[in-house]
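Each chain, written out:
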Amino acid sequence: MIWWILEKDVPMPGIYGTPVFRDRHIRENYLLRHGSAIRWVNYEPEARPNKKHSRFIPSALDVAQFCPNLKKFEAAQLLNDELAAKLGQCCPLLEELSGFGGDLTDKGVFQLAKMCSKLKKIYLPCRFVEEKCMIALVRNNPGLVSFKTRAASTRGNLLRELALNCSDVEEFHLRDAEMTLPSLLLLLAQFKKLTSVSL
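Everything numeric in this text was worked out from a predicted model, so none of it was measured.

Novice: It is not clear to me how the overall build of the protein chain should be interpreted in this structure. Could you clarify?
Specialist: Regarding its fold elements, the protein chain presents 8 helices and 8 strands. Burial analysis of the protein chain (199 residues in total) assigns 43% to the buried set. Sequence separation of 24 or more characterises 62% of the internal contacts of the protein chain that already satisfy a separation of 6 or more. As displayed, the protein chain has an accessible area near 10700 Å², and 50% of this comes from carbon and sulfur atoms.

Novice: Would you mind showing me how to read the environment of I38 here?
Specialist: Within the element layout of this structure, I38 appears in strand β2 (residues 38–43). Residue classification places I38 among the buried residues on the basis of a relative accessible area of 0%. Placed 32 residues apart in sequence, I38 and L70 show a C-alpha to C-alpha distance of 5.9 Å.

Novice: Got a minute to help me understand the packing of helix α4 (residues 81–90) against helix α5 (residues 106–115) in this structure?
Specialist: If you want to describe how two helices pack, look at the angle between their axes and the distance between the axes. Contact geometry for α4 and α5: axes closest at 8 Å, N-to-C directions at 5°. The pairing of α4 with α5 is recorded here as roughly parallel in orientation. Across the interface between the two elements, D81, A84, A85, G88 and Q89 of α4 pack against K107, G108, Q111, L112 and M115 of α5. A per-class count over the contact of α4 with α5 returns 4 nonpolar, 4 polar and 2 charged.

Novice: What is the right way to look at the nonpolar core in this model?
Specialist: Of all hydrophobic cores here, the largest spans 45 residues; its most connected members are L70, F73 and F147. For this core, the element with the most residues is helix α6 (residues 131–139), which contributes 5 residues.

Novice: I keep staring at the packing of aromatic side chains and nothing clicks. Help me out?
Specialist: To describe a pair of aromatic rings, you give the distance between the ring centres and the angle between the ring planes. Applying the stated rule across the entire model yields 1 aromatic pair. Measuring from centroid to centroid gives 5.2 Å for F172 and F191, while their planes differ by 50°, and the two rings are tilted. Taken together, the residues F172 in strand β7 (residues 171–174) and F191 in the loop between α8 (181–188) and β8 (196–198) connect sequence positions 19 residues apart. For the pair formed by F172 and F191, the shared burial category is buried.

Parameters at a glance
Residues numbered from 1 in each chain as written. Predicted model: local features only at pLDDT ≥ 70, side-chain atom pairs only at ≥ 80, totals over all residues. Heavy atoms only, no water. Helix = DSSP H or I, 4+ residues; strand = E, 2+ residues; numbered from the N terminus. Buried < 20%, exposed > 50% of the residue type's maximum accessible area, 1.4 Å probe, protein only. Contact = heavy atoms within 4.5 Å. Areas by Shrake-Rupley, 256 points an atom, 1.4 Å probe, with all protein chains shown as cover. Axes fitted to C-alpha atoms, helices over the stretch in contact; angles between N-to-C directions. Parallel < 35°, antiparallel > 145°, perpendicular 65-115°, else oblique. Nonpolar A, V, L, I, M, F, W, Y, C, P; charged D, E, K, R; others polar. Core = buried A, V, L, I, M, F, W, Y, C linked by side-chain atoms within 4.5 Å. Phe/Tyr/Trp six-rings, centres within 6.5 Å; stacked < 30°, edge-to-face > 60°.

Right, dumping it as structure tokens:
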């Protein structure tokens, strides 16, 4: 299931907030005409997909390609390297990215790090992504206010990078952080706006 939020007065074909089109051409024409008006997209796993309409619902890749002004993208079980690269290439204004349950690897995170520089909120619980990839993502997004990840073997370097580059961070969740308590407390003291921490 997909939910969209568009600018005011832009027509939305669909059923209960889910865009559905009669055929592929209508879908593509709609995205070409109104894709730039789409600001927020949320894909959710559907317990009982409607097979009659599912092939005419825009794919995540379609949305990334035709929505250059997209600011918020949430995806369950969809975010992979191909989609991450497409978001980076086509959605330069992206501010919020949330993806879980997909197949995102180091390659996809590096693509995001290279092409996205306006991210403010990141939620990427990717257990098999190395810390160095997340560091690259943090370095290119100094405006971060929320950063949540489960990157493998976080040894404090990611936290140090957040402290150095992202002065507006209000919350972060880093799993399996391998740090001594004194080192951790020293780093936490550098975050002046911090309201929530999970390690």
